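Each chain, letter by letter, is given below.
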Number of protein chains: 2
Amino acid sequence: MSKSECNHARRSMLKKSITLAAGVGATAATGTTLATPCANKGDQAFDHVYDVIVVGSGFAGMSAAVQAAEEGQSVLVVDKMPVFGGNSTINGGAMAIAGSATQKEKGISDSVELMVQDMLESGRGMNDVEMLKLVCQDTASSAIWLEGFGVEWKPFVQHFGGHSVPRILQAKQSSGAGIIRPLIKAAEAKGVEMKKQTKLESFITDDSGRVIGFNALVNHRYERPSSGEAKRFGARKGVIMATGGFGQDIAFRQIHQPKMTDELTSTNHPGANADALKQMMLLGANPVHLDQIQLGPWTSPDEKGFGTASQFNTIGTFPKGIVVDPRSGQRYFNELADRRERATKIMQNRDEKGQPVYPIGFTNAEGASRAQTLEWGLKYDVIKKAENLDDLASLYDMPAEALKQQVADWNKYVRQGKDEQFGRPLASAIELNLGPWYAVRMWPKVHYCMGGVRVNAKSEVLALLTDQHIEGLYAAGEATGGIHGASRLGGCAIAEGVVTGRNAARNIANKNSVTLKQA
Amino acid sequence: MSKSECNHARRSMLKKSITLAAGVGATAATGTTLATPCANKGDQAFDHVYDVIVVGSGFAGMSAAVQAAEEGQSVLVVDKMPVFGGNSTINGGAMAIAGSATQKEKGISDSVELMVQDMLESGRGMNDVEMLKLVCQDTASSAIWLEGFGVEWKPFVQHFGGHSVPRILQAKQSSGAGIIRPLIKAAEAKGVEMKKQTKLESFITDDSGRVIGFNALVNHRYERPSSGEAKRFGARKGVIMATGGFGQDIAFRQIHQPKMTDELTSTNHPGANADALKQMMLLGANPVHLDQIQLGPWTSPDEKGFGTASQFNTIGTFPKGIVVDPRSGQRYFNELADRRERATKIMQNRDEKGQPVYPIGFTNAEGASRAQTLEWGLKYDVIKKAENLDDLASLYDMPAEALKQQVADWNKYVRQGKDEQFGRPLASAIELNLGPWYAVRMWPKVHYCMGGVRVNAKSEVLALLTDQHIEGLYAAGEATGGIHGASRLGGCAIAEGVVTGRNAARNIANKNSVTLKQA
């Protein structure tokens, strides 16, 4: 549409939005569809005006909102879904922190530099080093900031794959909800307004190209793409995009990774699609690393989403148990390698027909003792229990003698302090002598998008054409690309979300205001 | 600029283009810079009008131009550089062909399916399988088509890394010029017009969003970005983008691969930047795999660009010699692995300080006999000659006994038909018994961009927003993304360029025409 048509968008949006698929191509040029950016004409009024609008209510969005309110801004958070929190409420609530008080208590020596180095190694050197350092530098202070709102951590530090040292604090609830709920409470206490079922449709810019708001559908129902009423939202200082990744957008992820078909499920919430990313790209944002899509190596094919296996494996099997090929009863990878390496190894394990051979991850009662999901996993028959190794072998049709020899070998490695098979770090390992045994079948799921829009150290979105920032547009968390390079380490999404959300908020607070007219 | 301002672009382009860097951000929204797409107003006239305009004059561009002329279209080819041919005239002129006459003569059994399988393996399954099959199916017929214009191949078939069988035909001249020159001659004979120093600045669309031409700078001098006179080019059927990759665009490639700094040189011509890609993206094209940037494993740090080492290695060292670490005199990778694996292995070879340890590739007189660059390499002291292995060891400060043992081991592998070290295929291998020996130091260079815009089987560019085609916009060759997945095999760029260029031309010829007014 032309600029003048753009002004009438809200009146005609419902009618027009169904023509999206027909208005093919060259949309940035002629704007034949509603989803392209619109320039605001003259002093056209907005339905709602705030200093700062945050799109998305996960770790990045809520951290941005709370921080912006602390900086004295009027803040609105919108989320397209019927519940707040996105993926952040359904993950494990584990945050990588370099230099936490708990690390110090436990005598674990860690540093910002070591965390940067670990993330660079996992990222295959593809990381945006400036943003990576920015994140790592502020994890310890951000953890304390979260504690101020009532976030409670378990009293021990966990060792996740790819990290050189134990550096994971996990919310007491074993869920990101243990972080999101206190943040939402804090936001509301500070006067942040929150609107659910409000979906950004297209950006609104002023004549200089600065983002001053967006067209949105309110009372939107996610399962009906064009549902809801069109409203114009104005942001005097700018918009912070905390819109996450596209792990559930099967069509879009297959464009970049054709093998990630619908046969591969995801740990993400159903709204994790590329819609917001596309709007940023149509505005001129620069997408990086869109083909770097992470598979979580800790999930089970015997349940949906994260399920009960993820925590059982990250807290039990991987650090304190072993993973074997059921055909041989033998280990075939380093259970504490980074996610990419583990997921690749697991997925390469196939029979002559190319069908998956699900590996068996197991540990004993001592190794599983901190896995709060154990009980539920057993109840739903995802996690199985065996009194001895013969029974375990028989449960999964494994060769019993070979399995027992593998366990004996493993115990020798633990005693000698050296994994002769795969060089796994043994700081958290235990000897596996006594049953009962707990085991799961494993297969990866689509978990995290390393790619997203390129940002600068102010969390401003950078333009493809000039590599200079787009005025008024900020992004934080999974919506951005580059921080993790080729593969993110566990616990680093919460670290990134909280730190970059706060960073965006601090910088947007310092931005000059534009005057916007409210209807 | 607004639509009406867009119409005056050619008059003010020279003045305005220097404001590009200042008109930061949100350009697709408000068009404050000239580089954004412009909608054509009413019946505004064009300076030049053709049925089809091809941008770029490499393998893809010239194949498209010749094919379009054969389909009865009036055709213009533009190239921003002062010479035609782009990278295509400065590469080795090697084309992968499944089912060539020469293969049949030599008794080599090959198939389209096997070539697809090899490329999928190298591409780590990230390939666009539909486009991949389209390319492989038409290599044999396209080779014959090229022969019809006077392209002459060497009378033998070469075995490049990652291919299961020997399938490479190479232009007699050992250079892509041996293909490009006949194509240019054929194009001119068929009435194709060719304009050098003509740089696409921004697309022009009609009210429906269809691409009907572009603004360009003519008499452009590459080293002065805004030089030249603004002209409007109209294309009744559409524009074919054959604009190659961005291997020389250090800033852009570092956004995707931060390690590919200016310390890493490139085999590409100096104009190989992301300018055209960015214009397609701003128009709404969908970029894929931009971070998949290939390093050529056959180059030497002792000369610029392809130099003399590339042919010496691809035709000599890799199939008929071995590559060793000078510190140990030992091989450390499969010399016929795909490019990605070899480049990675070479670049991982570093000393305690992280400085490169250049491996030594060598073969004997028999192995080097077909390397036409041998003489020049020796003359410039890039390739070195040694009468015996002791002298070779001494030239590069290698342990002589270990080197001799490695050569003896290698000869045993060749005799027994099995490489016990790295499982290298031995079809082309020879026993290395007699000197003299010829050797080079090796280090990779940035060579090819697997990424680019997403296209469909008609070679139409697909829109980010809808995954439907953008009317009037076609792309072919390296400018497109997805065919090669994570890593291209040698010889497959010419195959891709020729086949997809012709494919684009055949499909654009069937497109309806729009009426354009000529000034």
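Model, not experiment: these values are computed from the prediction.

About the thresholds
- All residue numbers refer to positions counted from 1 along the written sequence of the respective chain.
- Whichever chain is written first becomes A and whichever ligand is written first becomes 1, with later ones labelled in order.
- Thresholds applied to this predicted model are a pLDDT of at least 70 for local features of residues and 80 or more for the giving and counting of side-chain atom pairs; totals over whole chains, interfaces and linings are not thresholded and use all residues.
- Values shown for side chains rest on all heavy atoms present in the structure; no hydrogens or waters enter the calculation.
- Starting at the N terminus, helices and strands are each numbered in turn, a helix being any DSSP run of H or I of at least four residues and a strand any DSSP run of E of at least two.
- In this setup the radius of gyration rests on C-alpha atoms only. A globule is expected at 2.2 Å times the number of residues raised to 0.38.
- Accessibility here uses a 1.4 Å probe with only protein chains present; expressed as a share of the type maximum, an area under 20% marks a residue as buried, one over 50% as exposed, and anything in between as partly exposed.
- In what follows, residue pairs with any heavy atoms lying within 4.5 Å of each other are defined as contacts.
- In these tables, accessible area is a Shrake-Rupley quantity obtained with a 1.4 Å probe, and a residue counts as shielded only by the protein chains included in the view.
- Just so you know, the count uses Lys and Arg for positive and Asp and Glu for negative, and it drops His and the chain ends.
- Where a charge lies is defined by one atom per residue type: Lys uses NZ, Arg uses CZ, Asp uses CG and Glu uses CD.
- Domain start and stop points were drawn from an automatic or database domain assignment.
- Salt bridges are identified by distance alone: a Lys or Arg side-chain nitrogen within 4 Å of an Asp or Glu carboxyl oxygen.
- Whenever a pair of cysteine sulfur atoms sits within 2.5 Å, that pair is classed as a disulfide.

Visitor: Looking at this structure, how should I read the overall build of chain A?
Guide: From N to C terminus, chain A includes 18 helices and 20 strands. For 519 residues, the compact-globule estimate of 2.2 N^0.38 gives 24 Å, and chain A sits close to it at 24 Å. Here chain A holds 519 residues, and the buried ones make up 66% of them. When contacts within chain A are restricted to residue pairs at least 6 apart in sequence, those whose partners lie at least 24 apart make up 74%. Surface exposure of chain A reaches about 18,200 Å², of which carbon and sulfur atoms provide 48%. Taken together, the 58 basic and 54 acidic charged side chains of chain A have centroids lying 5 Å from each other.

Visitor: I keep staring at the domain arrangement of chain A and nothing clicks. Help me out?
Guide: Interface size is commonly expressed as the accessible surface area that is lost when the partners come together. All names here are of chain A. Under the domain assignment used here, chain A contains domain 1 (48-294 + 448-510) and domain 2 (298-443). Centre-to-centre separation of domain 1 and domain 2, based on C-alpha positions: 32 Å. Taken together, the contact between domain 1 and domain 2 spans 25 residues of the former and 22 residues of the latter. Counting the contacts that link domain 1 with domain 2 gives 1 salt bridge. A salt bridge links Asp 338 to Arg 124, with the shortest nitrogen-to-oxygen separation between them at 2.9 Å.

Visitor: Any chance you could explain the state of the cysteines here in plain terms?
Guide: Note: disulfide means a covalent bond formed between the sulfur atoms of two cysteine side chains. Across all of its chains, the model carries 0 disulfides over all chains by this definition. Here A:Cys449 stays free of any disulfide, with the sulfur of A:Cys492 as its closest cysteine sulfur at 16 Å. Of all cysteine sulfurs, the one in B:Cys492 lies closest to B:Cys136, which takes part in no disulfide; the gap is 6.7 Å.

Visitor: Before we go on, may I ask you to explain the pattern of salt bridges in this structure?
Guide: If charged atoms from side chains of opposite charge come close, those side chains can pair. Residues and elements named next belong to chain A. Within this structure, the stated rule accounts for 46 salt bridges over all chains. The salt bridge involving Asp 381 is made with Lys 384; its shortest N-O contact spans 3.3 Å. Judged by its relative accessible area of 49%, Asp 381 falls in the partly exposed class. A relative accessible area of 23% means that Lys 384 is categorised as partly exposed. A salt bridge links Arg 415 to Glu 431; the shortest N-O distance between them is 3.0 Å. Separated by 16 residues along the polypeptide, Arg 415 in helix α17 (residues 400-416) and Glu 431 in the loop between α17 and β16 (437-441) bring together distant segments of the chain. With a relative accessible area of 54%, Arg 415 lands in the exposed category. The exposure class of Glu 431 is partly exposed, given its relative accessible area of 27%.

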